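# Residue-level structure breakdown
What follows is the residue order along each chain.
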Amino acid sequence: MTKTVIALLGSPILDGNTASLLDEAIRGVEEEGVRVEKIEVAHMDVLPCMEFFQCKESDTCLIQDEMTEVFRKFRKMDGLIVATPVMTMGVPGRLKSFIDRFQVFYMAKYHRGEPFISRERRKERKMLFISIAGMNVPNVFDGVRMTMQAFGEIIDCPLWAEVLQNDMDTVQDITTRPEVMEAAYREGRELGQLLR
């Protein structure tokens, strides 16, 4: 059966620097024969978590929107790539709202003790994290990294590798950093190899 990776674009700019890095990672994964589905999070019609807590006792969210299908896909996927810029030392709002909706997974795993992903499948699932930041300051990626680590634990797809580039206010164009583009491709390809 063909393996599947979901690739989340956290930037609203569909042809910007973050998207360019994500596309390189996708290219690497696909060259290993793994199917990739790209989701442009900022352009989805998704509400934030409203804390109705139906998910405490149910596998479903009370809010019926595009996330219903996303939850199904996340239960079946074999790997995940998340690509996002840093915004105010964290992830952009739309991506954060998307991640917060995974309370459905959180409640199943931690509240009911019935995780959607088995221990065996968790060992196989991996997350590649790609991020850029405008500022050239220490710890600029700490906030987004902590969010991704928590997200990976909740959905049983642990953070496995990352490609990071700070100082984008100076760099401007990620294609002028071929070593970073190559790193995204290389990590994508390795992810594909591990999942085959």
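That block above? That's the structure.
Presented here is a report on the structure given in the accompanying data block. Numbering of residues starts from 1 in each chain and follows the order in which that chain's sequence is written. Reporting in this predicted model follows two pLDDT cut-offs: at least 70 for local features of residues, and 80 or more for side-chain atom pairs to be given and counted; totals over whole chains, interfaces and linings ignore these cut-offs and use all residues. Side-chain measures were taken over the full set of non-hydrogen atoms in the model, leaving aside hydrogen atoms and water.

## Looking at helix 8 (residues 178-195)
In this model, helix 8 (18 residues) spans 26 Å end to end at C-alpha, consistent with the 26 Å of a helix rising 1.5 Å per residue. Among all positions in helix 8, only Val 180, Met 181, Ala 183, Ala 184, Tyr 185, Glu 187, Gly 188, Leu 191, Gly 192 and Leu 195 are buried. Pairs of residues are marked as contacts when any of their non-hydrogen atoms sit within 4.5 Å. A run of DSSP states H or I qualifies as a helix once it reaches four residues; a run of E qualifies as a strand once it reaches two. Both are numbered from the N-terminal end. Packing partners of the buried residues in helix 8 comprise strand 1 (4-9), helix 1 (17-31), strand 3 (79-85), helix 5 (119-124), strand 4 (126-132) and strand 5 (159-165). Given the number of residues in a helix, its expected span is that number minus one, multiplied by 1.5 Å. Remark: exposure states derive from per-residue accessible area (1.4 Å probe, protein chains only) relative to the maximum for the residue type, with buried under 20%, exposed over 50%, and partly exposed in between.

## What about the sheet that holds strand 2 (residues 35-40)?
DSSP calls a pair of strands paired once it identifies at least 2 bridges connecting them. Read across the sheet, 5 strands follow the order 2-1-3-4-5 without closing on themselves; strand pairing throughout is parallel. Edge positions in the open sheet fall to strand 2 and strand 5, since each of these has one partner strand only. Pairwise comparison of adjacent strand axes, ignoring direction, gives a mean angle of 15° for this sheet. Pairing between strand 1 and strand 3: 5 bridges, direction parallel. If you follow Leu 8 over to strand 3, its bridge partner there is Val 82. Docked against the sheet, helix 8 engages strand 1, strand 3, strand 4 and strand 5, running at close to 170° with respect to strand 5. Axis definition: a line fitted to C-alpha atoms, over the contacting stretch in the case of helices. Angles run 0 to 180 degrees between N-to-C directions.

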